[in-house]
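This is what each chain is made of:
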Amino acid sequence: MNHRQFCLEDLARLVQGEFFGQSDLQLEGLASLDLAQARHLAFVNADKYLDQAQASKAGALIVTASLKNQLSNHHNFIVVANPYLAFAILTHVFEKKCEQKGIEDTAQIHPSAIIAQSAYIGHYVVIGEKCIVGEQTIIQSHVKIDHDVEIGQQCFIDSHVTLTGETKIGNRVRIHANTVIGGEGFGFAPYQGKWHRIAQLGSVKIGHDVRIGSNCSIDRGALDDTILEDGVIIDNLVQIAHNVKIGTHTALAAKCGIAGSTIIGKNCVLAGGVGVVGHINIADNVTITGMSMVTKSISEAGSYSSGTPMLESLPWKRAAIRFKQLADVPLTQLLKRIDHMQTQIESLESTFKRK
Amino acid sequence: MNHRQFCLEDLARLVQGEFFGQSDLQLEGLASLDLAQARHLAFVNADKYLDQAQASKAGALIVTASLKNQLSNHHNFIVVANPYLAFAILTHVFEKKCEQKGIEDTAQIHPSAIIAQSAYIGHYVVIGEKCIVGEQTIIQSHVKIDHDVEIGQQCFIDSHVTLTGETKIGNRVRIHANTVIGGEGFGFAPYQGKWHRIAQLGSVKIGHDVRIGSNCSIDRGALDDTILEDGVIIDNLVQIAHNVKIGTHTALAAKCGIAGSTIIGKNCVLAGGVGVVGHINIADNVTITGMSMVTKSISEAGSYSSGTPMLESLPWKRAAIRFKQLADVPLTQLLKRIDHMQTQIESLESTFKRK
Amino acid sequence: MNHRQFCLEDLARLVQGEFFGQSDLQLEGLASLDLAQARHLAFVNADKYLDQAQASKAGALIVTASLKNQLSNHHNFIVVANPYLAFAILTHVFEKKCEQKGIEDTAQIHPSAIIAQSAYIGHYVVIGEKCIVGEQTIIQSHVKIDHDVEIGQQCFIDSHVTLTGETKIGNRVRIHANTVIGGEGFGFAPYQGKWHRIAQLGSVKIGHDVRIGSNCSIDRGALDDTILEDGVIIDNLVQIAHNVKIGTHTALAAKCGIAGSTIIGKNCVLAGGVGVVGHINIADNVTITGMSMVTKSISEAGSYSSGTPMLESLPWKRAAIRFKQLADVPLTQLLKRIDHMQTQIESLESTFKRK
C-alpha cells in the first residue's frame with residue numbers, strides 16, 4: 001500500500017502510549033492479527049482475541065497493560081488504555097493521502113466562485129455561480145457543484161458527487177463517491193388524479209465533521225432546510241428525504257431511509273436498512289436494530305426493533321400463515337378464556353371430590 | 001434564494017384566487033408558517049394549523065374562505081379552494097430556473113445526434129450516435145447519453161445521469177442526478193453451476209410527465225421493453241428491473257424495488273421501501289404501506305401491508321421467538337380445541353347440576 | 001435495434017442445435033413469443049408456453065425435441081436440449097457491441113498508467129497513477145479510476161463508475177453505470193461521545209467473470225481486503241461493506257445489503273432486498289428468500305426466510321397488534337396448559353360416567 005515507515009517509539013508517542021521492546025523497530029503498516037507480518041503493527045482489543053494474538057506474526061501489538069501480560073510470544077508492544085482508538089488514530093498515519101493541489105486545467109469554474117488557494121479541484125469538475133470552496137478541501141474528478149453551494153475547509157468530496165440545491169457544508173466533511181446532496185425533494189400535490197410537482201425551495205445544511213457514504217441521496221427541503229448536525233455519520237445508499245433533521249453524532253448504517261420532515265435526535269444509532277416514516281420525532285440516544293420499520297415517534301431513549309427472525313423456509317411458511325391467522329385469533333381474550341376454563345375445571349374437580 | 005418580487009394581487013391571479021388586503025404587497029418568497037417573515041407568503045391547509053397560522057409572521061397567507069375567517073391576526077390573504085395546490089403552483093414562480101441555453105463547448109456530441117435549438121447541453125456531456133434531444137430540454141453537466149437514446153421536449157436531466165439501452169423518453173420528464181436508465185437487466189441462464197449472461201436486447205420506454213429521483217436504477221428489458229407510463233412519479237434509490245411495466249400516475253416512494261416482469265396498475269401508491277417480486281400483477285388503485293413485501297398478485301384495489309410493528313427490543317425478542325414457535329402451534333386448530341373443551345366443561349357442569 | 005441478419009442454419013450451429021425447416025431463413029433478432037414477427041426467433045422453454053407458442057408469429061422457434069412435436073403451426077425450429085441456454089447464447093449474437101477502440105483525446109491518463117493497445121478509453125475518463133487496464137477492456141465515458149487500480153482483460157466498465165481504494169479486478173468483469181468500488185468502509189471508533197474515523201487501508205479484490213449492477217457500493221477493507229470470488233453476480237443498488245467475502249457463483253439480487261466482515265459461501269442465492277448482519281458466516285448452497293433479515297450464521301445448505309406475508313391493511317393491523325401481544329403470551333406453555341386441561345376434562349368425564 002504505502003512505503004513510509006515509522007519506528008515503534010514514534011508510533012507509541014502519536015497515540016500517547018508506552019512502548020515496550022525495540023524502540024527503533026521499523027513498521028510499515030497496520031494489519032489484522034491473521035495477516036500481519038514482521039513489519040506490521042496489529043491491535044488486540046479483548047481477551048477473546050488472545051489466542052489469535054499469540055499466534056500472530058505481527059512485529060508489534062497495540063494492547064492494554066493487562067492484555068500485554070498474557071502475550072508471552074510477543075516482545076514489542078504499544079500499551080494504551082483503548083487499543084481500538086489507538087488503532088483508529090494510527091490508520092491516519094499509514095493512509096495514502098491525496099497530495100494534489102491547485103485546480104486542474106479541465107475544471108470549469110464560474111468566475112463568481114471563490115476557491116481557496118490550498119484547495120484541490122480535480123479534472124472535469126464543474127463549479128457554478130457564487131460557489132465557495134474552503135482551504136485544503138479536496139474535490140475529486142467529475143464532481144458537480146451547482147450554483148450557490150458552499151463547502152467549508154478540509155473537506156473531501158469524492159468523484160461523481162452532485163452537490164446542488166444551494167447546499168451549505170461545514171468543515172472536515174467527507175462525502176463519498178456518486179452521492180447526491182440537495183436533489184429535489186419528492187413533493188407533489190395530488191389534484192384531479194394527477195401529481196402536481198412542488199418545486200423545492202429549501203436547501204440542505206450540513207454541519208462540521210459529517211461523513212456521508214457513497215450513492216446516498218439527501219434531498220433539499222420543500223421550504224425550510226434539510227439539516228444534518230455536526231458529527232453525523234452516514235453509510236452508503238442512504239435516503240434522507242426533504243426537511244429531515246438529524247442530531248449531532250447520530251449514526252445511520254447502510255441502506256437506511258428517512259422519510260420527509262422526520263426529526264432524529266442526538267447520539268442515535270440506526271442499524272442497516274432501517275426505515276423511518278415521515279413527520280415523526282425520535283428522541284436522543286435511541287438505537288434501532290437492523291431493518292426495523294419505525295412508524296411512530298419514539299419519546300424514550302432505548303433500543304427498538306421490528307421484523308421477524310430468520311427460519312428455514314418451510315417452518316417459516318407455517319409461521320407466516322399463522323401470522324395471518326392472528327388477524328382472527330384474539331390472543332389476549334384466548335388467554336382469559338383459558339384462565340376461566342381452568343377455574344371451571346378446578347371448581348368441577350373440587351365439587352366432585354366433595355361429593 | 002431568489003430576489004424576484006411579486007405583488008399579492010399578481011400571485012392571487014396566478015392561482016385563480018381572490019386576494020384580500022394590500023394588493024401591492026411585495027412578496028419575495030414562500031416559507032413555512034414557523035419561519036415566514038413579512039416578505040413571505042405561507043399557506044394554511046387545515047384547521048389544525050390555525051394556531052400556528054395565527055402566530056406566524058408571514059406577510060400573507062394562502063387559505064380557504066373558511067380558514068380566512070378564523071385568522072384575525074392577519075390581513076393579507078389569497079383565498080382559494082385548495083391552498084396546497086395553490087402553494088404547489090406558486091413554488092414554480094419562486095423557483096430559480098436554469099437559464100442557460102445552447103451547447104457548452106466541452107460537450108461531446110456525435111455528428112449524427114440531433115439537438116434542438118433551444119436545448120441546453122452542459123459541460124462534459126457525452127451524447128452518442130443517433131440520439132435526439134428535444135426543444136427546451138436541459139441536460140446538466142456530465143450526463144452520458146448512449147447511442148440511440150431519444151429525449152423529448154422540456155425535460156430536465158440532472159448531472160451524472162446515465163441514459164443507455166436505447167431508452168426513449170417523452171416530454172416534460174425530470175430525471176434527477178446519478179440515476180441510471182437502460183442499464184443491463186439482471187438476466188442469467190444457470191447451466192452447469194455457472195451463470196450465463198443473457199445480453200439484454202429490450203429497451204426502456206418512458207412516457208410524458210414522468211419524474212424519477214436520484215440514484216435510481218431502471219433496467220432495459222430482456223427482449224420486450226421496460227415501461228413507465230405517463231405521469232409516473234418515482235423517488236430516490238428505486239430499483240425497476242427488466243420488463244417491469246408501471247401504469248399512469250402511479251407513485252413509488254424512495255427505496256422501492258420491483259423485480260422483473262411485474263406489472264403495476266394505474267394510480268397506485270407504493271410507500272417507501274416496498275419490495276415486489278417478479279412476474280406478478282398489481283391492480284389499479286392499490287396502496288401498499290411502507291416496507292411491505294409483495295409476493296403475490298393483487299387483483300383488488302385497496303390497501304395492503306406486511307411486516308411487524310416496532311417494539312422495544314426486549315419484548316420484541318420475546319414476540320419474535322414466539323413467531324418462530326407459531327410454526328408448531330396450530331392456531332386455528334387450537335381455537336377449535338378450546339371451543340370444544342368449553343362445550344365439554346359446560347356439559348359436565350350441567351350434567352353435574354342435574355344430579 | 002440491430003440490422004445484422006443470420007440464417008437459421010448458422011444460428012443452429014452456434015448453439016450446437018439441429019435446425020428444421022428453411023435453412024436460409026434470414027432472422028434479424030430475438031423476440032418474445034407475444035411480440036415476435038416473421039423475422040424473429042423466439043424460444044419455448046416449457047409445456048406451459050405451448051399455446052402461446054402456437055399463436056406466435058415468430059419466424060422460427062428454439063425448442064426441445066419433445067416441444068417441437070407439439071407445435072404443428074410452426075415449421076422452422078432450432079432443436080436443443082436447453083432452449084433457455086441457447087437463447088442466452090444467441091442474445092450475444094444480436095447484441096449491439098461497443099466497437100470503439102483507442103483512447104478518446106479527452107481522457108486524462110497518468111503517465112505511469114498502463115493501458116493495453118486494444119482497450120477503449122471513453123471521453124472524460126480519468127485514470128490515476130500506476131493503474132493498469134487490460135486488453136479489449138472497455139471503459140465508458142466519465143469513469144474515474146483512482147491510483148493503483150488494476151483491471152483485467154475484456155472487462156466492461158460503464159459510465160460514471162468510480163473505482164478507488166486500489167481495487168484489483170480480474171478478467172471479463174462487467175460493472176454497470178454509477179457503481180462505486182473501493183470506497184471507504186464505514187469504520188469509526190466511538191470515544192467520548194464522538195465517532196473517530198478509521199482510515200480504511202484494505203482494498204477490494206474482484207475475481208474473473210464477476211458482474212456488478214448499477215448504483216452499487218462495494219467498500220474497501222479496513223485492513224484486509226473485501227473479496228468477490230470468480231463468477232459472482234450482483235444486481236443493482238447492492239451494498240457490500242468492508243471485509244465481506246463472497247464465494248464463487250453466488251448471486252445477489254437487487255437491493256441486498258451485506259454488513260462488514262460477513263463471509264458468504266459459494267453458489268448461494270440471495271433474493272432481492274435481503275439484509276445480512278456483520279461478522280457471520282453463511283454456508284455454501286444457501287438460498288435466502290426476498291427481504292429476509294439474516295442475523296445469525298447459517299451452517300447448513302437450504303432455504304431460509306424471514307418477514308411476514310402481505311395482508312389487506314385492516315386484518316394486517318389486527319395481526320400486527322397480536323404480534324406485539326405475543327411478547328406476553330407464552331405460546332408453548334399455552335399448548336401444554338390446554339393439553340393438561342384436556343386431560344383433566346377427560347378424567348372428570350370418565351370418573352363421572354363410572355359413578
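Residues numbered from 1 in each chain as written. Chains lettered and ligands numbered in written order. Predicted model: local features only at pLDDT ≥ 70, side-chain atom pairs only at ≥ 80, totals over all residues. Heavy atoms only, no water.

Asker: Report on the sheet that holds strand 37 (residues 286-288) of chain C, specifying residues and quantitative values.
Answerer: By definition, the strands of a sheet pair up through backbone hydrogen bonds, in either a parallel or an antiparallel sense. A sheet is described by the order of its strands in space; here 12 strands give the open sequence 40(A)-39(C)-37(C)-34(C)-31(C)-28(C)-25(C)-20(C)-17(C)-14(C)-11(C)-8(C), paired in mixed fashion. Sheet topology places strand 40 (311-312) of chain A together with strand 8 (102-103) of chain C at the edges, where each strand pairs with a single neighbour. With two bridges joining them, strand 17 (residues 156-157) of chain C and strand 20 (residues 174-175) of chain C adopt parallel strand pairing. Bridging across to strand 20 of chain C, Ile 157 of chain C finds its partner in Ile 175 of chain C. (Pairing = 2+ DSSP bridges. Helix = DSSP H or I, 4+ residues; strand = E, 2+ residues; numbered from the N terminus.)

Asker: If you had to explain the relation of the copies chain C and chain A to someone new, which residues and values would you point to?
Answerer: Least-squares fitting of chain C to chain A yields an RMSD of 0.1 Å, with the transformation described by 0.0 Å of translation along the axis and a rotation of 120°. Seen this way, the second copy is the image of the first under a three-fold rotation axis. Residues of chain C ranked by C-alpha distance from the rotation axis are headed by Gly 307 of chain C, positioned 3.4 Å from it. (Least-squares fit on C-alpha atoms with pLDDT ≥ 70 in both.)

Asker: An account of helix 4 (residues 83-94) of chain C is requested, with residue identities and associated values reported.
Answerer: Every α-helix carries 3.6 residues per turn, so stepping three or four residues along brings you back to the same face. Residues and elements named next belong to chain C. Between its first and last C-alpha atoms helix 4 spans 16 Å; for 12 residues at 1.5 Å apiece the expected length is 16 Å, and the two agree. The element helix 4 is largely enclosed, with a buried count of nine among its 12 residues. Within the span of helix 4, buried status applies to Pro 83, Leu 85, Ala 86, Phe 87, Ala 88, Leu 90, Thr 91, Val 93 and Phe 94. (Expected span 1.5 Å × (residues − 1). Buried < 20%, exposed > 50% of the residue type's maximum accessible area, 1.4 Å probe, protein only.)

Asker: Lay out the environment of Asn 267 of chain C in plain terms, naming residues and giving numbers.
Answerer: With respect to the helices and strands, Asn 267 of chain C occurs in the loop between strand 33 (263-264) and strand 34 (269-270). Asn 267 of chain C gets classed as partly exposed once you look at its relative accessible area, which sits at 34%. Considered as a pair, Asn 267 of chain C and Ala 222 of chain C are 45 residues apart in the sequence and their alpha carbons are 26 Å apart. Other than its neighbours up to four places away in sequence, Asn 267 of chain C contacts Gly 193 of chain B together with Thr 248, His 249, Thr 250, Asn 285 and Val 286 of chain C. (Contact = heavy atoms within 4.5 Å.)

Asker: So what about the interface of chain C and chain A? Which residues, and what values?
Answerer: Residue-level contacts link 83 residues of chain C with 78 residues of chain A. Buried surface at the junction of chain C and chain A, summed over both partners, amounts to about 7000 Å²; 65% is from carbon and sulfur atoms. Along the contact surface separating chain C from chain A lie five salt bridges. Taking the shortest distance from any N to any O, the salt bridge between Lys 96 of chain A and Asp 148 of chain C comes out at 3.0 Å. (Buried area = accessible area lost by both parts, 1.4 Å probe. Salt bridge = Lys/Arg side-chain N within 4 Å of Asp/Glu carboxyl O.)

Asker: So what's going on with the sheet that holds strand 18 (residues 162-163) of chain A? Residues and values would help.
Answerer: All names here are of chain A. Spatially, the 10 strands line up as an open sheet ordered 9-12-15-18-21-26-29-32-35-38, and their pairing is parallel. Of all the strands in the sheet, the pair left with one neighbour each is strand 9 (108-109) and strand 38 (293-294). In this sheet, strand 21 (residues 180-183) lies alongside strand 18 in parallel orientation, the contact comprising two bridges. For Leu 163, the partnering residue across the bridge sits in strand 21 and is Ile 181.

Asker: Explain the pairing of strand 21 (residues 180-183) of chain C residue by residue, including any values.
Answerer: Consecutive residues of a regular strand have side chains that alternate between opposite faces of the sheet. Direction of pairing for strand 21 of chain C relative to strand 26 (residues 217-219) of chain C: parallel, over a ladder of three bridges. Bridge pairing in strand 26 of chain C links Val 180 of chain C to Ser 217 of chain C.

Asker: Talk me through the pattern of salt bridges; I want residue IDs and the actual numbers.
Answerer: Inspection of the entire model under this criterion finds 39 salt bridges over all chains. Its salt-bridge partner being Glu 229 of chain A, residue Lys 266 of chain A comes within 3.9 Å of it at the nearest N-O pair. Placement of the pair is Lys 266 of chain A in the loop between strand 33 (263-264) and strand 34 (269-270) and Glu 229 of chain A in the loop between strand 27 (226-228) and strand 28 (233-234), with a sequence separation of 37 residues. Taking relative accessible area as the criterion, Lys 266 of chain A reaches 37% and is therefore assigned partly exposed. Between Lys 205 of chain C and Asp 225 of chain C there is a salt bridge whose closest N-O contact spans 2.9 Å. Placement of Lys 205 of chain C in strand 24 (residues 204-206) and of Asp 225 of chain C in the loop between strand 26 and strand 27 (226-228) is noted, with a sequence separation of 20 residues between them. Looking at Lys 205 of chain C, the relative accessible area reads 36%, which means it is partly exposed.

Asker: Describe the UniProt feature "domain: Mannose-1-phosphate guanyltransferase C-terminal" (unreviewed entry) in chain A, naming the residues involved and giving the relevant values.
Answerer: UniProt's entry tags residues 105-183 of chain A with the feature "domain: Mannose-1-phosphate guanyltransferase C-terminal" (unreviewed entry), counted in the numbering of this structure. From the first C-alpha to the last, residues 105-183 of chain A spans 28 Å; its make-up is 0% helix and 35% strand. (UniProt positions renumbered as here; feature names shortened; annotations may be inferred.)

Asker: Can you explain the side chain of Ser 306 of chain B? Please cite residues and give values.
Answerer: With respect to the element layout, Ser 306 of chain B can be found in the loop between strand 39 (302-305) and strand 40 (311-312). Once residues lying within four places of it in the same chain are set aside, the contact partners of Ser 306 of chain B are Met 293 of chain A, Met 291, Ser 292 and Met 293 of chain B together with Thr 308, Pro 309, Met 310 and Trp 316 of chain C.

Asker: Before we move on, could you go through the pairing of strand 23 (residues 194-197) of chain C and cite the residues and values that matter?
Answerer: Bridging between strand 22 (residues 188-191) of chain C and strand 23 of chain C involves four bridges; their strand directions are antiparallel. Looking at the pairing, Ala 189 of chain C lines up with His 196 of chain C of strand 23 of chain C.

Asker: An account of the interface of chain B and chain A is needed here, citing residue identities and associated values.
Answerer: Size of an interface: often given as the accessible area lost when the parts come together. With 78 residues of chain B in contact, the opposing surface of chain A contributes 83 residues. Together chain B and chain A conceal approximately 7000 Å² of surface at their shared face, both sides included; 65% is due to carbon and sulfur atoms. Considering only the surface of chain B that becomes buried against chain A, Met 310, Phe 323 and Phe 352 of chain B emerge as the three largest contributors, covering 10% of it. One can count five salt bridges joining chain B with chain A. Linking chain B to chain A there are 39 residue pairs in polar contact (both at pLDDT 80 or more). Ranked by residue count, the leading element in the side of chain B that touches chain A is helix 6 (residues 331-354) of chain B, at 11 residues. Looking at the side of chain B that touches chain A, its residues break down into 38 nonpolar, 27 polar and 13 charged. (Polar contact = N/O pair within 3.5 Å; in protein donor to acceptor, adjacent residues only side chain to side chain. Nonpolar A, V, L, I, M, F, W, Y, C, P; charged D, E, K, R; others polar.)

Asker: Tell me about the domain arrangement of chain A, and please be specific about residues and values.
Answerer: Domain annotation for chain A reports domain 1 (6-94), domain 2 (102-304) and domain 3 (316-354). One C-alpha centre belongs to domain 2 of chain A, the other to domain 3 of chain A; they are set 53 Å apart. (Domains from an automatic or database assignment.)

Asker: Quick one: what's the story with the packing of helix 6 (residues 331-354) of chain A against helix 6 of chain B, residue by residue and with numbers?
Answerer: Running from amino to carboxyl end, helix 6 of chain A crosses helix 6 of chain B at an angle of 30°, the nearest separation of the two axes being 11 Å. Comparing the axis directions of helix 6 of chain A and helix 6 of chain B gives the class roughly parallel. Seen from above, helix 6 of chain A lies across helix 6 of chain B with left-handed handedness. On the side of helix 6 of chain A, the interface is formed by Leu 334, Arg 337, Ile 338, Met 341, Gln 344, Ile 345, Leu 348, Thr 351 and Phe 352 of chain A, while helix 6 of chain B contributes Leu 335, Ile 338, Asp 339, Met 341, Gln 342, Ile 345, Leu 348, Glu 349 and Phe 352 of chain B. Taken together, the residues of the contact of helix 6 of chain A with helix 6 of chain B sort by class into 12 nonpolar, three polar and three charged. (Axes fitted to C-alpha atoms, helices over the stretch in contact; angles between N-to-C directions. Parallel < 35°, antiparallel > 145°, perpendicular 65-115°, else oblique. Left-handed = near helix turned anticlockwise from the far one by under 90°.)

Asker: Please set out the environment of Asp 148 of chain A residue by residue, giving values where relevant.
Answerer: All names here are of chain A. If you trace the backbone, Asp 148 turns up in the loop between strand 15 (144-145) and strand 16 (150-151). The class of Asp 148 is buried, set by a relative accessible area of 14%. Separated by 84 residues in sequence, Asp 148 and Val 232 have C-alpha atoms that sit 23 Å apart.

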